[in-house]
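Listed here are the chains, written in short residue letters.
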Amino acid sequence: MEAPAAPHNAGDLELTVTSPDQMRELGRRLAKLLRAGDLLMLSGELGAGKTTLTRGLGEGMGVRGAVTSPTFVIARVHPSLVDGPPLVHVDAYRLSGGLDEMEDLDLDVSLPESVIVVEWGEGKVEELTEERLQVVIHRAVGDTTDEVRHVTVTGLGERWAAVDLSVLSA
């Protein structure tokens, strides 16, 4: 049996973000590229800016409700106020059971009509779709007040093959 083909990688975009406001603005710019059915996987250390980025996404998508970390509720749905797709914000940090626990959230049911953002989703959501946007946020670790973040955005699959990610660095 042949191994499945690796998802098409549309290329990486490397960005440097120097403040929480810039991270929110990156989220607002990213929102303009999104449509129903998109899955975003956010990775990064605690305090890297995953929720700040998602807050900007919510602002850019025009959704209802303050986007806050869903750590204790696992998933939060933000309906659109502008006739767009809802934003489903998932924090998989507390989910240790991998895809089984993720399946309990019925994300595969929500995916076609929503934009789903999953924090801490590595090894847990990849089976939902090969077409996804992976955002990795690196920050200096340790006792630092450094606000600089290095962000890598990677589009995987046919959905992202023709998307010009360079508009995010405007």
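Attention here is on the structure that accompanies the text. (Residues numbered from 1 in each chain as written. Predicted model: local features only at pLDDT ≥ 70, side-chain atom pairs only at ≥ 80, totals over all residues. Heavy atoms only, no water.)

As for the packing of aromatic side chains
Okay, step 1: Following the criterion strictly, the structure yields zero aromatic pairs and no others.
Okay, step 2: For the cation-ring pair, Arg159 lies above Trp160, with the distance from its terminal atom to the ring centre recorded as 4.1 Å. (Phe/Tyr/Trp six-rings, centres within 6.5 Å; stacked < 30°, edge-to-face > 60°. Lys NZ or Arg CZ within 6 Å of the ring centre and 35° of its normal.)

Things to note about the packing of helix α1 (residues 20-31) against helix α2 (residues 50-61)
Okay, step 1: For the pair α1 and α2, the least separation of the axes is 6 Å and the interaxial angle reads 45°. For the element pair α1 / α2, the angle class is oblique. The handedness of the crossing between α1 and α2 comes out as right-handed. On α2, the residues that touch Pro20, Met23, Arg24, Leu26, Gly27, Arg28, Leu30 and Ala31 of α1 are Thr52, Leu53, Arg55, Gly56, Leu57, Glu59, Gly60 and Met61.
Okay, step 2: Here the residues of the contact of α1 with α2 sort into eight nonpolar, four polar and four charged. (Axes fitted to C-alpha atoms, helices over the stretch in contact; angles between N-to-C directions. Helix = DSSP H or I, 4+ residues; strand = E, 2+ residues; numbered from the N terminus. Parallel < 35°, antiparallel > 145°, perpendicular 65-115°, else oblique. Left-handed = near helix turned anticlockwise from the far one by under 90°. Contact = heavy atoms within 4.5 Å. Nonpolar A, V, L, I, M, F, W, Y, C, P; charged D, E, K, R; others polar.)

Digging into the nonpolar core
Okay, step 1: In terms of nonpolar packing, the biggest core is built from 29 residues, with Leu26, Leu40, Val151, Val153, Leu165 and Leu168 touching the most fellow members.
Okay, step 2: Breaking this core down by element, the ones donating at least two residues are β1 (9-17), α1, β2 (39-44), α2, β5 (115-119), β6 (132-139) and β7 (149-156).
Okay, step 3: At four residues, the largest contribution of residues to this core is made by α1.
Okay, step 4: Among residues more than four places away in sequence, those in contact with Leu168 are Leu13, Leu15, Leu26, Arg29, Leu30, Leu33 and Val153. (Core = buried A, V, L, I, M, F, W, Y, C linked by side-chain atoms within 4.5 Å. Buried < 20%, exposed > 50% of the residue type's maximum accessible area, 1.4 Å probe, protein only.)

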